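The primary structure of each chain is shown beneath.
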Amino acid sequence: MWNYRRSVLSRIEKVLTLRAGDGDRATAAAVSFFLPEEAEEVQFTTKEIKSNFSNYSAWHQRGYTIQKALARHGLQLQPSHAEGAPSVALPEAFATALYELVVEDLFLFTQSIYCDPSDQASFCYATFSLNLFRTFEAALRREYQQWQARPVEAESAEIDALLRAHAGDIMDCFVAGVVDVVTEQVELGEGASCSLALLFLLELLLRLGRGGAGDAEARCQRYAHTIHTHLVTGQEPPPASDRAAELRGTVAWLQQQLIAGDPLRRGMYEAITAGW
């Protein structure tokens, strides 16, 4: 169904181009990140995701539409393993559109995992959204200064508070949201439902830890400290100054929890951390 939808939309775009003229479409594309029909498609995916957070196809269509717009502007995402690469510059209008987009991503993601922390669709998309943020981080962090001046809407009050608590850092907010959900589920005796959340945290730590010195390393240690403080049990706390030991202990604990909850995938979890 979604492939058919993309085919129809492609034909509509061609008709609009013929009607408006190449010059008018080129002008619109130059000043706006999304073409009107792309913006409508993103809004449509928002509606569909809100009605069913497990709608993997809607999440996929959202990412497809964003990548299509990026390609039209000659932009591309950095590989997810390329931590430490310099942030890509963006025109201000593009940065505004993308920051609003990743804020909405954060809202949809947190709503999804609070409803069902075992839902795979939202975690798959979260990796894409974080990659989007990291690729254009410098421009998007500047955009937060403008964004925080806007009035707070009732529906997004919790996300506004989360963003303000983390100075607009989308990645920090994603991690805080996941840690909060896992903490809540463990307190309710539902920790077994959190394997995807734990895997998300583990893979993020490993990705950042392999990104070399600088911001990636600082984030890795910061997130490990947050996870260790709120979640890790059964370990002697390392000295406050030994962040490396805290990171190793956090990675080991996450792996142990994943294996205990899903022993059939033990080999996969061990392979993920091989060489760590």
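Residues numbered from 1 in each chain as written. Predicted model: local features only at pLDDT ≥ 70, side-chain atom pairs only at ≥ 80, totals over all residues. Heavy atoms only, no water.

If you had to explain the overall build of the chain to someone new, which residues and values would you point to?
Scanning the chain for helices and strands turns up 13 helices and 0 strands. Ordering the α and β elements of the chain from the N terminus gives α-α-α-α-α-α-α-α-α-α-α-α-α. For the chain, with 276 residues in total, the buried portion stands at 46%. About 13800 Å² of surface is accessible on the chain, with carbon and sulfur atoms providing 54% of the total. (Helix = DSSP H or I, 4+ residues; strand = E, 2+ residues; numbered from the N terminus. Buried < 20%, exposed > 50% of the residue type's maximum accessible area, 1.4 Å probe, protein only. Areas by Shrake-Rupley, 256 points an atom, 1.4 Å probe, with all protein chains shown as cover.)

Describe the confidence of the model for the chain, naming the residues involved and giving the relevant values.
For the chain, mean pLDDT is 86; residues scoring 70 or higher make up 84% of the total. Every residue in residues 25-29 is under pLDDT 50, and counting partners more than four places away or in other chains gives 11 contacts. (pLDDT = per-residue confidence, 0-100. Contact = heavy atoms within 4.5 Å.)

For the pattern of salt bridges, give the residues involved together with the corresponding values.
Enumeration according to the criterion identifies 17 salt bridges in this entry. Among the salt bridges present, the one from R219 reaches D172, with a minimum N-O distance of 3.2 Å. Placement of the pair is R219 in helix 11 (residues 215-230) and D172 in helix 9 (residues 170-187), with a sequence separation of 47 residues. Judged by its relative accessible area of 1%, R219 falls in the buried class. With a closest N to O distance of 2.9 Å, D215 and R219 form a salt bridge. In this pair, D215 and R219 both sit in helix 11, 4 residues apart, roughly one turn of the helix. Looking at D215, the relative accessible area reads 40%, which means it is partly exposed. When salt bridges that share partners are traced, they join R134, E137, R141, D169, D172, D215, R219 and R222 into one network. (Salt bridge = Lys/Arg side-chain N within 4 Å of Asp/Glu carboxyl O.)

Can you lay out the packing of aromatic side chains for me, pointing to particular residues and giving the numbers?
Aromatic ring pairs are reported here in terms of the distance separating the ring centres and the angle at which the planes meet. In total, this model carries 11 aromatic pairs according to the counting rule given. Centre to centre, the rings of Y125 and F128 are 5.4 Å apart; their planes meet at 50°, and the pair counts as tilted. Separated by 3 residues within a single helix, Y125 and F128 lie in helix 6 (residues 120-135), roughly one turn from each other. The burial state of Y125 is the same as that of F128; both residues are buried. Each ring, one from Y144 and one from W147, has its centre 6.1 Å from the other, and the planes form 25°; the classification is stacked. Residue Y144 and its partner W147 are located together in helix 7 (residues 137-147), separated by 3 residues, close to a single helical turn. When its relative accessible area of 3% is taken as the criterion, Y144 is described as buried. Aromatic ring contacts, followed pair by pair, group F109, F123, F174 and F200 into a single cluster. (Phe/Tyr/Trp six-rings, centres within 6.5 Å; stacked < 30°, edge-to-face > 60°.)

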